[in-house]
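Residues per chain, in single letters:
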Amino acid sequence: MSKITASLPVSATLLATTLVAGVVPATIIGSETQAHAQEIVLTGPLKGAPPVIRLRQYREGRLEIAPQFAFTLLDEYQHSYFIGGRINYYFTDWLAFGLWGGAFLNSNTDLTSQIDNIAPRDLLDQSNVAPCVPTDAKTTAGAGCTGGPGSHPTFSDQTATLSWAAMGQFTAVPFRGKLALFQALFVDTEAYIFLGAGVVGLNERVSCGDTGQPSCNDVASFALGSQVKFVPTFGIGLTFFLNDIVNIGVEYRALPFSWNRGGFDSRGLGPNNNFPDGKVNGDDETFKFNQVIGISVGVMLGKRKTSQ
Amino acid sequence: MKQAQWLLFAAALALVPSTALAQKKKPPTGGGGTTAPTGGAGGGGQTIDLDNPQGTQPQPQPDQTQPQPNAGGTGGGICEIDPSACPKQADIGEAAKKEYKKEIYAVEQIYVLRYHRVELTPYWGFTLNDQFVSHGGPGLNANFYITNVFAIGLNGNFYSGLNSDSDFNFQTRRATRVAVPLTEYSWSAALNFTYVPVYGKFAGFGSFIFSYDLYATGGVGAISTRPIPVIDPDNRKFDFDPKVCFNLGVGLRIFVTRWLAITGEIRDYIYPEKLESLTIANGPIGQPSDPNSPSNPKTWVQDGVDITNNFQANVGLSFFLPFSFEYRLPK
């Protein structure tokens, strides 16, 4: 005891004893059986409620397979039509990683047909416009080229075409809501953005005019060769959910990259390389902000969830 | 001192409540969504409902288990308080004959009412389908909403000096010696009708909500265009010439406030175009009266007309006037 007294004054001991003797009964009497950590409601009954209650979460933990048809905008020498689709896995209801890809079909624009029909084939443009060798008796070259069967190569044979594409992309779904059509039909609608990169396969006029290559006047130089371009991609889209499984989508996609769409020798010499140099190569590629509009039908695999 | 330690330990135990809860809010009592304040000290936290005037407390609900006086449909309480106000069978019959508003909006209390408001939309237009010449420029839509979903209005575009001849034209001309007839625009104006069949709201990032609508528009007016001389620029000088022009479009408005929206639309301007002739008359130069002279303006354009579609994307801001409005019905 003396030891304790030495370390704790008597007055302090008395104080502690008094406090304990007084506080314990008071606490036992006055304390509640529950402790409340309650939010104070400052306004009406919806204060503090989430913006959307019991939100239909179409995406979280689900796999989307969406076949797509698309077409390019502002075409110069070839129209391109895309048949493919996308596969997305949604880690959350607003973020996914997926693949987009497919094949392109191409057709001549009116400009390509006009060039084939009326371009004069002579010394001035012999390296830029296919000579249109007539191999069919019914086809005559004359001042131009009919572009008919057996009359190849034509100008359309030298114009570049998109062949296929494969992209990896992240998709974010920041906006969602519903759409009232004629105040009667309701469709759950989501707006999304995506960003990614990948490869585009295309057919472009083969290089010519350099050492070991055919002359750019040679018929063989108007053939197309396969190329692969590394390309960024981004865009926006809308998804309309018909039910828990099926949706319809519309999207805009950009695929910006440089390519030689006409197969021309247009650059490589003079100030800023703005003049023809007698060769067709990478210098003749020009930047194009390729744009694609797509329509898809998506199928969501997995069970749809509902938020709290 | 050991005794004191035990006493402190016992006190601490006594201070610990029997259960510790991070408790959710108690569900509001009463059916109106209001929460009655709990009067006891520490009895569950205080609820302050600013929707109720201060000092007015929710009245206690009548005990539903107790039989209600005159609950048999003979008038109820009002008949006891004021017999003259007690509804009679004839009154009920008259009330049943009254016409009622059958229309029930699918989305109640639309965020923005357009009825009898003026919408002004300055925008910038971008060409979507002309790879040869882009016709960008400013424009203005002015609409007056006759009903909440139908408007009549004017639309104008200003292109003069803003047409941009693509480098692609030059490359094609130089490489193939084939020239594409080009056209530039000066202005366009149209009388339009607008219909808003679709509206709704979006939740953004799960944290805010905004309203939008989709509209269809169409009209008729004029567009002033002229060919850009590329076949024979030495002899040909074209003047702008107005042509009748139809337009059809769809648009999306995202409302920032009840009077301000961000607007995007795609509109197709359809008109008959006179294109530059691809051939040059081989008569004497400098004799405009000679029908075979390259100086004769009649030889400058092709026969017939080409129906041209100018798809244009417009991005702008919509201002609704007056800025405020009143709902006809309460929430």
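What you see as residue numbers is a count from 1 along each chain, following the sequence as written. Lettering of chains starts at A and numbering of ligands starts at 1, both following the order in which they are written. Thresholds applied to this predicted model are a pLDDT of at least 70 for local features of residues and 80 or more for the giving and counting of side-chain atom pairs; totals over whole chains, interfaces and linings are not thresholded and use all residues. Side-chain numbers come from the whole structure's heavy atoms, not from hydrogens or water.

Q: Help me get a handle on the overall build of chain A, residues and values and all.
A: Looking only at helices and strands, chain A has 4 helices and 13 strands in total. Burial classification: accessible surface area is computed with a 1.4 Å probe over protein chains only, and a residue below 20% of its type maximum counts as buried, one above 50% as exposed, and the rest as partly exposed. Burial statistics for chain A: of 308 residues in total, 40% are counted as buried. We call two residues contacting when some pair of their heavy atoms lies within 4.5 Å. Put simply, 67% of the contacts in chain A that link residues at least 6 apart link residues at least 24 apart. Carbon and sulfur atoms provide 66% of the accessible area of chain A, an area that totals close to 15200 Å². Think of it this way: any DSSP run of H or I at least four residues long counts as a helix, any run of E at least two long counts as a strand, and we number them from the N terminus. Each accessible area is a Shrake-Rupley result for a 1.4 Å probe, and residues are judged covered by the shown protein chains and nothing else.

Q: Break down the overall build of chain B for me, with residues and values.
A: Tallying secondary structure elements over chain B gives 4 helices and 11 strands in all. Out of the 331 residues belonging to chain B, those deemed buried represent 36%. If you take every contact in chain B between residues at least 6 apart in sequence, the share linking residues at least 24 apart comes to 67%. Just so you have it, chain B exposes about 19500 Å², and 63% of that area is on carbon and sulfur atoms.

Q: For the pairing of strand β3 (residues 63-72) of chain A, give the residues involved together with the corresponding values.
A: Residue and element names in this part refer to chain A. Alternating positions in β3 separate cleanly, E64, A66, Q68, A70 and T72 being buried on one face and L63, I65, P67, F69 and F71 remaining unburied on the opposite face. For two strands to pair, DSSP has to find at least two bridges joining them. As paired elements, β3 and strand β4 (residues 78-90) share 9 bridges and run antiparallel to each other. Residue pairing across strands places L63 opposite Y89, the latter belonging to β4. Where β3 hands over to β4, the hairpin turn is made up of 5 residues, of which L74 adopts a positive phi near 50°. With 8 bridges connecting them, β3 and strand β12 (residues 286-301) associate as antiparallel partners. Note that in β12 the partner of E64 across the bridge is M300.

Q: Break down the packing of aromatic side chains for me, citing the residues and quoting the values.
A: Residues and elements named next belong to chain B. Each Phe, Tyr or Trp ring, with Trp reduced to its six-membered ring, pairs with another whose centre is within 6.5 Å; inter-plane angles below 30 degrees give stacked pairs, above 60 give edge-to-face pairs, and intermediate values give tilted ones. Scanning the entire structure with this criterion turns up 23 aromatic pairs over all chains. An angle of 40° between the planes, with centres 5.8 Å apart, marks the rings of F255 and F320 as tilted. Taken together, the positions of F255 in strand β9 (residues 241-255) and F320 in strand β11 (residues 306-321) put the pair 65 residues apart, joining distant regions of the chain. A relative accessible area of 5% places F255 in the buried class.

Q: Can you lay out helix α3 (residues 110-118) of chain A for me, pointing to particular residues and giving the numbers?
A: Three or more residues of α3 of chain A are buried, namely L111, T112, I115 and D116 of chain A. In an axial view of α3 of chain A, the angular spread of the buried residues amounts to 135°, which keeps them on one side of the axis. For α3 of chain A, the secondary structure elements touched by its buried residues are β5 (95-108) and α4 (155-158) of chain A together with α4 (167-176) of chain B. Working note: the arc is built from the helix axis to C-beta atom directions.

Q: Provide a residue-level description of the environment of D130 of chain B, including the pertinent values.
A: Positionally, D130 of chain B belongs in the loop between β2 (118-127) and β3 (133-135). Measuring from C-alpha to C-alpha, the distance between D130 of chain B and N310 of chain B comes to 7.2 Å, with 180 residues separating the pair along the chain. Contact partners of D130 of chain B, with chain neighbours within four places excluded, come to L74 of chain A together with H135 of chain B. Reaching out from D130 of chain B, the side chain makes a polar contact with the backbone nitrogen of V133 of chain B at a distance of 3.0 Å. A polar side-chain atom of D130 of chain B sits 3.0 Å from a polar atom in the side chain of H135 of chain B. N or O atoms within 3.5 Å of each other form a polar contact, as long as, within protein, one can give a hydrogen and the other can take it, and as long as residues adjacent in sequence are counted only when both atoms are side-chain atoms.

Q: How would you sum up the nonpolar core? Please name residues and give values.
A: Ranked by size, the top nonpolar core spans 18 residues in total, and within it Y77, L111, I115 and F155 of chain A together with F132, L182 and V230 of chain B carry the most contacts. Listed by contribution, the elements that provide at least two residues to this core are α3 of chain A together with α4 of chain B. Apart from the residues within four sequence positions on either side, L111 of chain A is in contact with E76 and Y77 of chain A together with F132, F168, T172 and V180 of chain B. Membership of the second largest hydrophobic core comes to 15 residues, among which are F82, M167, F257 and V292 of chain A. Nonpolar core, defined: a set of buried Ala, Val, Leu, Ile, Met, Phe, Trp, Tyr and Cys residues in which side-chain atoms within 4.5 Å join the residues together.

Q: Which residues make up the environment of N309 of chain B, and what are the values?
A: All names here are of chain B. Positionally, N309 belongs in strand β11. A residue is classified by how much of its surface remains accessible, and N309, at 33% relative accessible area, is partly exposed. For the pair N309 and N247, spaced 62 residues apart in sequence, the C-alpha to C-alpha distance is 9.2 Å.

Q: Summarise the pattern of salt bridges; cite the residues concerned and give the values.
A: Within this document, salt bridges are pairs made up of a side-chain nitrogen of Lys or Arg and a carboxyl oxygen of Asp or Glu, the two lying within 4 Å of each other. Evaluation of the coordinates by the stated rule reveals 16 salt bridges over all chains. Here E64 of chain A makes a salt bridge to R86 of chain A, at a shortest N to O gap of 3.2 Å. You can see E64 of chain A sitting in strand β3 and its partner R86 of chain A sitting in strand β4, a full 22 residues away along the chain. E64 of chain A gets classed as buried once you look at its relative accessible area, which sits at 0%. The salt bridge involving R267 of chain B is made with E265 of chain B; its shortest N-O contact spans 3.0 Å. Comparing R267 of chain B with E265 of chain B shows no difference in burial state: the two are buried.

Q: Go over the pairing of strand β8 (residues 224-241) of chain A, please, and point to the residues and values.
A: In the case of a regular strand, side chains alternate between the two sheet surfaces. Residue and element names in this part refer to chain A. Pairing between strand β7 (residues 185-205) and β8: 18 bridges, direction antiparallel. Paired with V200 across the bridge in β8 is K229. Sheet analysis places β8 next to strand β9 (residues 246-259), joined by 8 bridges and oriented antiparallel. Bridging across to β9, G235 finds its partner in R253. Connecting β8 to the antiparallel partner β9 that follows it, the hairpin turn spans 4 residues.

Q: Provide a residue-level description of unusual backbone geometry, including the pertinent values.
A: The amide bond that connects L321 of chain B to the next residue, P322 of chain B, takes the cis arrangement and shows omega of -5°. In this structure, P322 of chain B sits in the segment after β11. In the Ramachandran plot, L74 of chain A falls in the positive-phi region, its phi being about 50° despite a non-glycine side chain. In this fold, L74 of chain A is placed in the loop between β3 and β4. What makes L74 of chain A partly exposed here is its relative accessible area of 23%. Of note, H116 of chain B is a non-glycine position whose phi angle comes to about 60°, a positive value. With respect to the helices and strands, the residue H116 of chain B is situated in the loop between α3 (89-97) and β2. Under the relative-accessibility criterion, H116 of chain B is labelled partly exposed at 44%.

Q: Give me the lowdown on the confidence of the model for chain A, citing residues and values where you can.
A: All names here are of chain A. On a range of 0 to 100, pLDDT expresses the predictor's confidence in each residue. The predicted model of chain A has a mean per-residue pLDDT of 80, with 74% of residues at 70 or higher. Below a pLDDT of 50 lies the segment residues 1-16, which in the model reaches 4 contacts outside its immediate sequence neighbourhood of four places, other chains included. Per-residue pLDDT stays below 50 along residues 137-142; that stretch engages in 7 contacts with residues further than four places along the chain or on separate chains.

Q: Summarise the state of the cysteines; cite the residues concerned and give the values.
A: All names here are of chain A. Cysteine sulfur atoms are paired as a disulfide whenever they come within 2.5 Å of each other. Applying the stated criterion to the full structure yields 1 disulfide over all chains. Disulfide pairing is shown between C208 and C216; the S-S distance is 2.1 Å. Taking the torsion about the S-S bond as the criterion, the C208 to C216 disulfide, at about 105°, is right-handed. The class for C208 is buried, based on a relative accessible area of 0%.

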